[in-house]
Amino acid sequence: MSQISKMKALLTFLVVLAVSGCVAPPTYVTKGEEFPSMYVEKPRALLVMPPINLSTSAEAKDYYSTTVEMPIALHGYYTFPYQLTADVLKQQGVYDSELVYDMPLNKFYDYFGADAVLFTKINHWDTSYTVVASTLTVSIDAEIKSTKTSEVLWHYNGTVVVDLSVNSGAGGIAGLLVNAIATAINTAAADYTTYAKVANSRFVGSIPYGPYHPMYLKDKEIKLIQQKHEEKTSHKVSKPPTKNAAE
Amino acid sequence: MKTVFIVVFITIFLAGCQTTKPMYEYENYSESFYSMKKEGGTESEAQWKTSLESIIKKSKVKAVRVPPGVYANLGYIHLKANDKENAIIFFEQEKQIYPEATKFMDNLIQKAKTKG
């Protein structure tokens, strides 16, 4: 081997070593350690807010909104009827959950009697499609905020990545074509909502059980994978330019 | 002797069949909610109403609590159809099962009473 290729090999080896060293094993924490405020405040009634859509899909908000109520209710919380509360919020001028995300939430206790509010952000709701390879991603960031203190009581992310590519194993150009068509069909037919429910299950499991669940207040020792969350930058809602009266 | 054996066998069999009661009977709540959002229109709305009523019936049969918000959603459908009396009945039901809903239900009942 020439000197150059030896150097290349050594360099590659070192890079691989360095990168693999960066992958840390997951840290486990208990529900009680990670979300102590939930066990102190003990919220009973949760208001599920309309999702904040940060994805590239316009339909994501409507479709995703139909999947949240049930798992939260089955986790033991009183959940306000989503359809009803969404209408009431619109009537009060709250068209977007983003508008109230950074604001004091005590009004939600005053009007609804909600102890806490569940915000969900749809980070991803899309397929990455390259003819013979297709990956569907649904990623939801969820938070429970207290209506008394507006503090975050619980925060977790649920992400699902699904490989929709079809590899029939057939060779040659014909094989490629078959795979491409099958992948396209698979992608077009993909039911996002099904995967959204899986994404939900990945974060709902980390919520301390609610008052209607048999395990209420008995789950402090249950372990979960600790997630690191980025420092939140508030989503600035830009005001529409005020029209000059003269115009 | 044979009858004793049969009786014992049936008892053991039935005991093994006992499954834990589900917390709530949701039936096809999620699907009909999704259809209503996806398709809209009176047909899917009627289906939504039917699924809510069916959940209530099934919950009574299985002797489990009606899930949170089901009575309230039904009350709201009646309110929108100007059926104030039934709307109030359903809001009251929601309050009864879930005291957490009291504030909101009282607000809605007020709204229903003063409507048109």
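Look above for the structure.
Structure report, in brief. (Residues numbered from 1 in each chain as written. Chains lettered and ligands numbered in written order. Predicted model: local features only at pLDDT ≥ 70, side-chain atom pairs only at ≥ 80, totals over all residues. Heavy atoms only, no water.)

Observations concerning the interface of chain A and chain B
Okay, so step 1: The partner chain B presents 29 residues to the 33 residues of chain A that form the contact.
Okay, so step 2: Roughly 2900 Å² is buried in total at the junction of chain A and chain B, and carbon and sulfur atoms are behind 61% of that figure.
Okay, so step 3: The three residues of chain A that bury the most area against chain B are Y78, L84 and Y212 of chain A, which together make up 24% of that side's buried surface.
Okay, so step 4: On the surface where chain A and chain B come into contact, there are two salt bridges.
Okay, so step 5: Two residues, R44 of chain A and E100 of chain B, come together in a salt bridge whose shortest N-O distance is 2.8 Å.
Okay, so step 6: Linking chain A with chain B are nine residue pairs in polar contact (both at pLDDT 80 or more).
Okay, so step 7: Contributing elements (two or more residues each) for the side of chain A that touches chain B: α4 (60–65), α5 (69–74), β4 (78–79), α6 (82–91), α8 (106–112) and α10 (192–204) of chain A.
Okay, so step 8: Counting residues per element, the side of chain A that touches chain B draws most heavily on α6 of chain A, at seven residues.
Okay, so step 9: Considered class by class, the residues forming the side of chain A that touches chain B number 16 nonpolar, ten polar and seven charged. (Contact = heavy atoms within 4.5 Å. Buried area = accessible area lost by both parts, 1.4 Å probe. Salt bridge = Lys/Arg side-chain N within 4 Å of Asp/Glu carboxyl O. Polar contact = N/O pair within 3.5 Å; in protein donor to acceptor, adjacent residues only side chain to side chain. Helix = DSSP H or I, 4+ residues; strand = E, 2+ residues; numbered from the N terminus. Nonpolar A, V, L, I, M, F, W, Y, C, P; charged D, E, K, R; others polar.)

Digging into the nonpolar core
Considering soluble globular proteins, one finds that nonpolar side chains tend to be buried as a cluster.
Okay, so step 1: Formed by 86 residues in total, the largest nonpolar core has its most connected members in M38, F108, F112, W125, I144 and W154 of chain A.
Okay, so step 2: Looking at this core element by element, the count peaks at seven residues for helix α4 (residues 70–80) of chain B.
Okay, so step 3: Those residues in contact with W154 of chain A that lie beyond four places of it in its chain are F35, M38, L118, A142, E143, I144, F203, S206, I207 and P208 of chain A. (Core = buried A, V, L, I, M, F, W, Y, C linked by side-chain atoms within 4.5 Å. Buried < 20%, exposed > 50% of the residue type's maximum accessible area, 1.4 Å probe, protein only.)

Looking at the environment of V40 of chain A
Okay, so step 1: Assignment of secondary structure puts V40 of chain A in helix α3 (residues 36–41).
Okay, so step 2: Spatially, the C-alpha atoms of V40 of chain A and K148 of chain A are 13 Å apart, while their sequence positions differ by 108 residues.

Topic: the packing of aromatic side chains
Think of a pair of aromatic rings as described by two things: how far the centres are apart, and how the planes are tilted against each other in angle.
Okay, so step 1: Per the counting criterion, the structure on display carries 22 aromatic pairs over all chains.
Okay, so step 2: Here the aromatic rings of Y101 of chain A and F119 of chain A are separated by 5.1 Å at their centres, their planes lie at 80°, and the arrangement is edge-to-face. Of this pair, Y101 of chain A sits in helix α7 (residues 97–101) while F119 of chain A sits in strand β5 (residues 116–129), and the two are 18 residues apart along the sequence.
Okay, so step 3: For Y101 of chain A, a relative accessible area of 3% translates into the label buried.
Okay, so step 4: When its relative accessible area of 1% is taken as the criterion, F119 of chain A is described as buried.
Okay, so step 5: Ring geometry for Y111 of chain A and F104 of chain B: centres 6.0 Å apart, planes at 65°, overall edge-to-face. Within this pair, whereas Y111 of chain A is found in helix α8, its partner F104 of chain B is found in helix α6 (residues 102–114), the two belonging to separate chains. (Phe/Tyr/Trp six-rings, centres within 6.5 Å; stacked < 30°, edge-to-face > 60°.)

Looking at α6 of chain B
Okay, so step 1: In this model α6 of chain B runs 18 Å from its N-terminal to its C-terminal C-alpha over 13 residues, within 8% of the 18 Å that 1.5 Å per residue would give.
Okay, so step 2: Of all the residues in α6 of chain B, the buried ones are F104, M105, L108, I109 and A112 of chain B. Seen end-on, α6 of chain B carries its buried residues on one side only, within an arc spanning 135°. Those residues of α6 of chain B that are exposed and aimed more than 90 degrees away from the buried face are K113 and T114 of chain B.
Okay, so step 3: Tucked into the core, α6 of chain B has its buried residues touching α6 and α8 of chain A together with α4 and α5 (84–97) of chain B. (Expected span 1.5 Å × (residues − 1). Arc of directions from axis to C-beta.)

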